[in-house]
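Geometric and topological summary
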Amino acid sequence: MKLYIVEGSNNCRKVQAVIAHLGLAVESVRLDLKAGEVRGAAYRAINPNGKVPALVDGDRVLWESNAIMVHLAEGAPGGTALWPAAGADRIEVLRWLLWEGAHYNRWVGSFVYENVLKGVLGLGPPDPAPLAEAAQQFHRFAGVLDGHLADGRPFLVGEQVTLADFAVGSFSAWLAAGRVPVADHPHVAAWYRRLETVPAWAATLPPQARAGD
Ligand SMILES: N[C@@H](CCC(=O)N[C@@H](CS)C(=O)NCC(=O)O)C(=O)O
């Protein structure tokens, strides 16, 4: 299997964490975002969206990070608690996978784009208007997550880490640099800290975050 990634991408880290957790042999193909490789014709033959990650597994080409995570977890011999057996918990995990993509990380990503990525790509200073909208929307959805975690549950679904934690928590390495106001939601902040102690998550900390960039 081959996984196409950009180093530091939150969506790639989700998949890298599943690979680390399951101990899979997957070759990483690193693309250069700054050099335009992600939007180039060669890579768009693999993912026509011009986005990472993408997985090539035999004849199958798959894009969308959450779908790739599920594909890998479904292939785990004997199953994996990352993707619970069909039933109520699996539907809960699915709910968080959809929620993070549609709502929560849309706004976490705005902070990271304005405060980190624009600088890396030379796109100018952070723009206050999108940051103000991101703050308003982030607090709205982080409040939902904080309420869910307020009963002391360690992870989003059940007692063990699942794909839901990797997906919702995917920006964890960039919260400080992105100035995401997560401290206003103490249960969310504590859950992010807990996620960082999960071995497969810790093993996939992006090199840029390790260097403190
Ligand atoms: N919904 C997609 C989002 C993928 C995505 O936005 N990837 C970013 C990196 S985290 C990307 O490829 N950005 C490059 C670009 O848009 O040019 C997924 O989950 O795979």
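The preceding data block contains the structure.
Please read all numbers here as calculations on a predicted model, not as lab measurements.

Let's talk about the nonpolar core
Tyr-104, Phe-138, Leu-145, Leu-156, Leu-163, Phe-166 and Trp-191 are the most contacted members of the largest nonpolar core, which has 65 residues in total. In terms of residue count, the dominant contributor to this core is helix H4 (residues 88-121) (10 residues). Built from parts of two domains, this core gets at least three residues from each of domain 1 (2-74) and domain 2 (88-202). Sequence-distant contacts of Leu-145, defined by excluding residues within four places in its chain, comprise Trp-96, Trp-99, Tyr-104, Leu-156, Val-168, Val-188 and Trp-191.

Thoughts on the site of the ligand
Around the ligand, the neighbouring residues are Ser-9, Asn-10, Asn-11, Leu-33, Val-38, Arg-39, Gly-50, Lys-51, Val-52, Pro-53, Glu-64 and Ser-65. Between Arg-39 and the ligand, the recorded distance is 2.6 Å, taken from a side-chain N or O atom to an oxygen atom. One of the backbone N or O atoms of Val-52 is found 2.8 Å from a nitrogen atom in the ligand. Structurally, the ligand is housed in the largest pocket. Across the shell around the ligand, the residue classes break down as four nonpolar, five polar and three charged.

Calculation criteria
- Residues numbered from 1 in each chain as written.
- Predicted model: local features only at pLDDT ≥ 70, side-chain atom pairs only at ≥ 80, totals over all residues.
- Heavy atoms only, no water.
- Core = buried A, V, L, I, M, F, W, Y, C linked by side-chain atoms within 4.5 Å.
- Buried < 20%, exposed > 50% of the residue type's maximum accessible area, 1.4 Å probe, protein only.
- Helix = DSSP H or I, 4+ residues; strand = E, 2+ residues; numbered from the N terminus.
- Domains from an automatic or database assignment.
- Contact = heavy atoms within 4.5 Å.
- Near = heavy atom within 4 Å.
- Polar contact = N/O pair within 3.5 Å; in protein donor to acceptor, adjacent residues only side chain to side chain.
- 1 Å grid on protein atoms, 1.4 Å probe; cavity = no way out; pocket = protein on both sides within 12 Å on 5 of 7 lines; lining within 4 Å.
- Sits in = over half its atoms within 2 Å of the grid points.
- Nonpolar A, V, L, I, M, F, W, Y, C, P; charged D, E, K, R; others polar.

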